[in-house]
Amino acid sequence: MTYKRQIDRLPIIPADAKVHNVTCHYCIVGCGYKAYTWPTNKQGTAQSNWSGEDLSQQQPMETDAWYAPSMYNVVKQNGQNVHLVIKPDSDCVVNSGLGSVRGARMAENRRSDVSGTQQQRLTDPLVWRYGTWQPTTWDDALDLVARVTARVIDKDNENDLYVSMFDHGGSAGGYENTWGTGKLYFGSMKVKHCRIHNRPAYNSEVHSSRDMGVDELNYAYSDYEVTDTIFLIGANPIETQTNLFLNHMMPGMRNGAKVLIVDPRRTVTTNACEEVAGAENVLHLQINSGTDLALFNALFTHIADQGWVDQDFIAQHSIQEAVAVPEDAAHPANLGSFEAAREGCRLSAAEAAEVCGVPEADIVKAAEWIAKPKEDGSRRKCVTAYEKGIIWGNDNYRTIGALLNIALATGNVGREGGGCCRLGGHQEGYFRPSDAHVGRPAPYIDELIIGGGGKVHHIWANDHYKTTLNANTFKREYNRRTNIVKAAMDAAVGATRDELVDAIVAAVESGGLFSVNVDIIHSQIGQAAHVILPAVESGEMNLTSMNGERRLRLVEKYMDGPGQAMPDCLIAARLANHLERVLREDGRADYAEQFTGFGWQTEEDAFMDGYASANPEVTYERLRAAGNNGVQEPVTGYANGQLAGTTRLYEDGVFKRHGREDGKALFMSGTWRGLEAPGKEEQRSNHRFLINNGRSNINWQNWFLDQDNDFVADRFPMPILQINPDDAAELGLKNGDLAEIHNDVGATQAMVYLEPTARRNETFMIFGAPSGTQGNVTNAGTNTLILPNYKQTWGNIRKLADATEAAARLSFKSWEVEL
């Protein structure tokens, strides 16, 4: 945003500006914002403006009557240029007017032909022709996709069609778009070879929690404010759920909550909690990477042995049968009673200390902070929040189940000030037909593609080149196979449509792969595609999703999408229309009939066809009226002009996420069994450094809109490698140097960032970066149920080059600061 760097004034929002409800589309917290738009030839005045304040006077520090340059842009609305301001909504209970470094830049990250922002956005369908991608019409592009796809699928047999699709809300998902893609691939078809945006199979990140009866998003954010203990595992919320930390966790600490943090890395969250709560009220269990299961089993054992459990809750609301669900290929641990789990998970604090590398006394103290009754005999409240550190870590099923054992045993699910939840990445917006046909364990899609599986690949807002395991091999093989098809298309230059389709089909029959990529930018995996279809994102369409406390809101469309781009749900509908037509032309009328029912003209049509069919009381009109506070799901009705929702789940003690009619929760019996994913023990033994990974505050997820943003690029022109200064000195590395991380799987690179708080032989990279892809050095081994283990990766490090000129202007101060 160079054009605004030295800006000294901004237009005043007029009193009659259009106002739109907006939920930030970056992280799961879903902060509320207001988008203001008005014609470029007018503005408000100091005395007459949107705020109702006299702006000629100095405003108080906490005023809502201001906005920053990052919150402003000029965009298209109904084909005309308009001013746009997106600023935090002070009336939204999620953020109370706070804006994160991501959300408060939503406006500057919109496409603008006036300011020149986001010019990398896709504007037209593209087809590979004449050795490059040529812009074309939707009908031309979708006809080609439909004809090639129809040649490799048949009624009740779509196994040669592979699909990669998002399953979230926010920027690329939402109830409209997950329904559109889901109805196509799981309704009209039964595609079983599919994967999700951030993992190589179509599966849950929390199978064990659901099998135990507990939905992973079960609390309210207000529970942090009234709890006794905040228990954070594998999470860094001040960076990745910023306003959840600032607006809800910090008030809880100020009200006396203690904080437990389980993480092999000392994060800025640890530092911030010590500043807010006092170091004496924060306990960082800095475990050896991947040993969470041993720690949780020891905590569970100690709490149970001390009798600090909720006996009434256990007796009334949990299974009493020792083994209700036996361990098998779909359930990697026995599920049953509390007593059976107590014995099956038994591990002493001393034994866990040996495994985890933390003092036995700290394990005992952690158990006390979680469950030891207070002086008046009342039970402690504990909010448990976990994220990718264990979701994408070692032995996912057993580890998450062991953590939930503690919450259930202490009665901290369905209780104010309690809960055991994912903190989350994106918002949620999943509504699709059943995926039961996929099976469990689900197919390992990326490995199948590497092995020659699939003939046509439809990709929706995925970039496996940045978010997969064994990425070096995957990229090499994907390029090889898609190049076979590109060569065939190049050789068929000037051919008729039928001749071109024949050439493509012959190429895929000989080992090629026809790739169709739907996205908002030209992604890395999109470089291999043969057809590229431009989508719109949040704010360029009406979009519904829910946040981490299940708060459902409608983001209202406030600007045009770029060029011919359209919502994913309508792209799916148009593809279904073309498939129906092509199949009828081929004489396959019975099969074509499966692709009817996609006559949607708007995203609201898709919403009504999908989500509203199961929740008829929820409409766009009612969600608009609910504003940025929305309604917490599940929605229970509509009365007195308001949607009624559910503050937290399981307050009635009925647990049905597993699908059992008895409504009883199950405990899990899962022993500690070391590093479970294949190849991890060997990699750790043969390489010096732990290559940990995660997110940073400034560049969210996979940098999909930040690659060309000056604000971000000026801070991190390339991904970083945090490393202990003594380790760096031994390797001859200085701040800003380029280092290569390499192991038995592959290699990648990053910019060195000396961090004194980093432990010896333990480093940290940013996950999902467009360059310096951490997946290049992550082996192919997954946990049971094909859950990726991105976290337990080891490698060696060597210097590639001295610091570049871009690094000379950077700060390399420690991330720890005194508040």
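Treat the numbers as computed from the prediction; the structure is a model and nothing was measured.

### As for the sheet that holds strand β9 (residues 229–233)
Here is step 1: Taken in spatial order, the five strands of this open sheet run β11-β10-β9-β14-β15, and their pairing is parallel. Strands with a single pairing partner mark the edges of an open sheet, and in this sheet they are β11 (282–285) and β15 (420–422). Each strand axis lies, on average, 15° off the axis of its neighbour in the sheet, ignoring direction.
Here is step 2: Taken together, the three bridges between strand β14 (residues 382–386) and β15 define a ladder with parallel strand orientation. Counted as the bridge partner of alanine 385 is cysteine 421 from β15.
Here is step 3: Lying over the sheet, helix α8 (residues 292–305) contacts β9, β10 (258–262) and β11, oriented at roughly 150° with respect to β9.

### Brief notes about helix α18 (residues 568–585)
Here is step 1: End to end, α18 covers 26 Å across 18 residues, agreeing with the expected 26 Å (1.5 Å per residue, within 8%).
Here is step 2: Here α18 lies mainly inside the structure; 13 of its 18 residues are buried.
Here is step 3: One or two steps after α18, the chain reaches glycine 587, where phi turns positive at roughly 80°.

### Brief notes about the packing of aromatic side chains
Here is step 1: For the structure shown, the criterion picks out 27 aromatic pairs.
Here is step 2: Centre to centre, the rings of tyrosine 175 and tyrosine 611 are 4.4 Å apart; their planes meet at 40°, and the pair counts as tilted. Residue tyrosine 175 is found in helix α2 (residues 174–188), and its partner tyrosine 611 is found in helix α21 (residues 611–614); the two are separated by 436 residues along the sequence. In this structure, tyrosine 175 and tyrosine 611 share a single accessibility class: buried.
Here is step 3: Sitting over the face of the ring of tyrosine 638, arginine 622 holds its NZ or CZ atom 3.6 Å from the ring centroid.

### Topic: the environment of cysteine 92
Here is step 1: Here cysteine 92 lies in the loop between β4 (80–88) and β5 (126–129).
Here is step 2: Taking the relative accessible area as the measure of exposure, cysteine 92 reaches 1% and is therefore buried.
Here is step 3: Through-space distance from the C-alpha of cysteine 92 to that of glycine 630 is 9.1 Å; in sequence the pair is 538 residues apart.
Here is step 4: Once you skip the residues sitting within four places of it in the chain, cysteine 92 turns out to touch Gly32, Arg553, Asn628 and Asn629.

### Quick look at the packing of helix α6 (residues 242–254) against helix α7 (residues 268–277)
Here is step 1: Here α6 crosses α7 at 45°, and the two axes come no closer than 9 Å. Put simply, α6 runs oblique to α7. Classified by chirality, the crossing of α7 by α6 is right-handed. Across from Phe245, Met250, Met253 and Arg254 in α6, the residues of α7 making contact are Thr269, Ala272, Cys273, Val276 and Ala277.
Here is step 2: Here the contact of α6 with α7 is built from residues that sort into seven nonpolar, one polar and one charged.

### Structural notes on the sheet that holds strand β7 (residues 161–165)
Here is step 1: Across the sheet, seven strands lie side by side as β6-β5-β18-β17-β16-β7-β8; this open sheet has mixed pairing. A strand with exactly one partner marks an edge of an open sheet, and here the two such strands are β6 (132–135) and β8 (194–196). Put simply, the sheet's adjacent strands are angled 20° from each other on average, direction ignored.
Here is step 2: One ladder, built from four bridges, connects β5 with β6; its direction is antiparallel. By the bridge assignment for β6, valine 127 is matched with glutamine 134.
Here is step 3: Contacts from helix α1 (residues 138–152) reach β5, β7, β16 (456–460), β17 (514–519) and β18 (531–534), with the element oriented near 130° to β18.

### What about the pattern of salt bridges?
Here is step 1: Under the definition given, this model contains 62 salt bridges.
Here is step 2: Residue aspartate 446 is joined to arginine 195 by a salt bridge in which the shortest nitrogen-to-oxygen separation is 2.6 Å. With aspartate 446 in helix α15 (residues 445–450) and arginine 195 in strand β8, this pair connects stretches of sequence that are 251 residues apart.
Here is step 3: For arginine 195, a relative accessible area of 0% gives the class buried.
Here is step 4: Here aspartate 727 makes a salt bridge to arginine 688, at a shortest N to O gap of 2.9 Å. Residue aspartate 727 is located in helix α25 (residues 725–731), and its partner arginine 688 is located in the loop between α23 (680–686) and β25 (689–694); the two are separated by 39 residues in the primary sequence.
Here is step 5: Each member of the salt-bridge network shares a partner with another, and the members are Arg129, Asp140, Asp143, Arg147, Arg497, Arg581 and Glu585.

### With respect to the pairing of β11
Here is step 1: Burial along β11 is two-sided: Val282 and His284 and Leu283 and Leu285, pointing in opposite directions, are all buried.
Here is step 2: Across four bridges, the pairing between β10 and β11 is parallel. Its bridge partner being in β11, valine 262 is matched across the sheet by leucine 285.
Here is step 3: In this fold, β10 hands off to α7, which returns the chain to β11; that crossover is right-handed.

### Observations concerning α2
Here is step 1: Its 15 residues place the ends of α2 20 Å apart at the C-alpha level, agreeing with the 21 Å of an ideal helix rising 1.5 Å per residue.
Here is step 2: The largest bend in α2 comes to about 35°, at glycine 182.
Here is step 3: Buried residues dominate α2, accounting for 14 of its 15 residues.

What counts and what doesn't
Residues numbered from 1 in each chain as written. Predicted model: local features only at pLDDT ≥ 70, side-chain atom pairs only at ≥ 80, totals over all residues. Heavy atoms only, no water. Pairing = 2+ DSSP bridges. Helix = DSSP H or I, 4+ residues; strand = E, 2+ residues; numbered from the N terminus. Axes fitted to C-alpha atoms, helices over the stretch in contact; angles between N-to-C directions. Contact = heavy atoms within 4.5 Å. Expected span 1.5 Å × (residues − 1). Buried < 20%, exposed > 50% of the residue type's maximum accessible area, 1.4 Å probe, protein only. Phe/Tyr/Trp six-rings, centres within 6.5 Å; stacked < 30°, edge-to-face > 60°. Lys NZ or Arg CZ within 6 Å of the ring centre and 35° of its normal. Parallel < 35°, antiparallel > 145°, perpendicular 65-115°, else oblique. Left-handed = near helix turned anticlockwise from the far one by under 90°. Nonpolar A, V, L, I, M, F, W, Y, C, P; charged D, E, K, R; others polar. Salt bridge = Lys/Arg side-chain N within 4 Å of Asp/Glu carboxyl O. Right-handed = clockwise from strand over helix to strand, strands pointing away. Bend = angle between axes of the 7 residues up to and from the residue.

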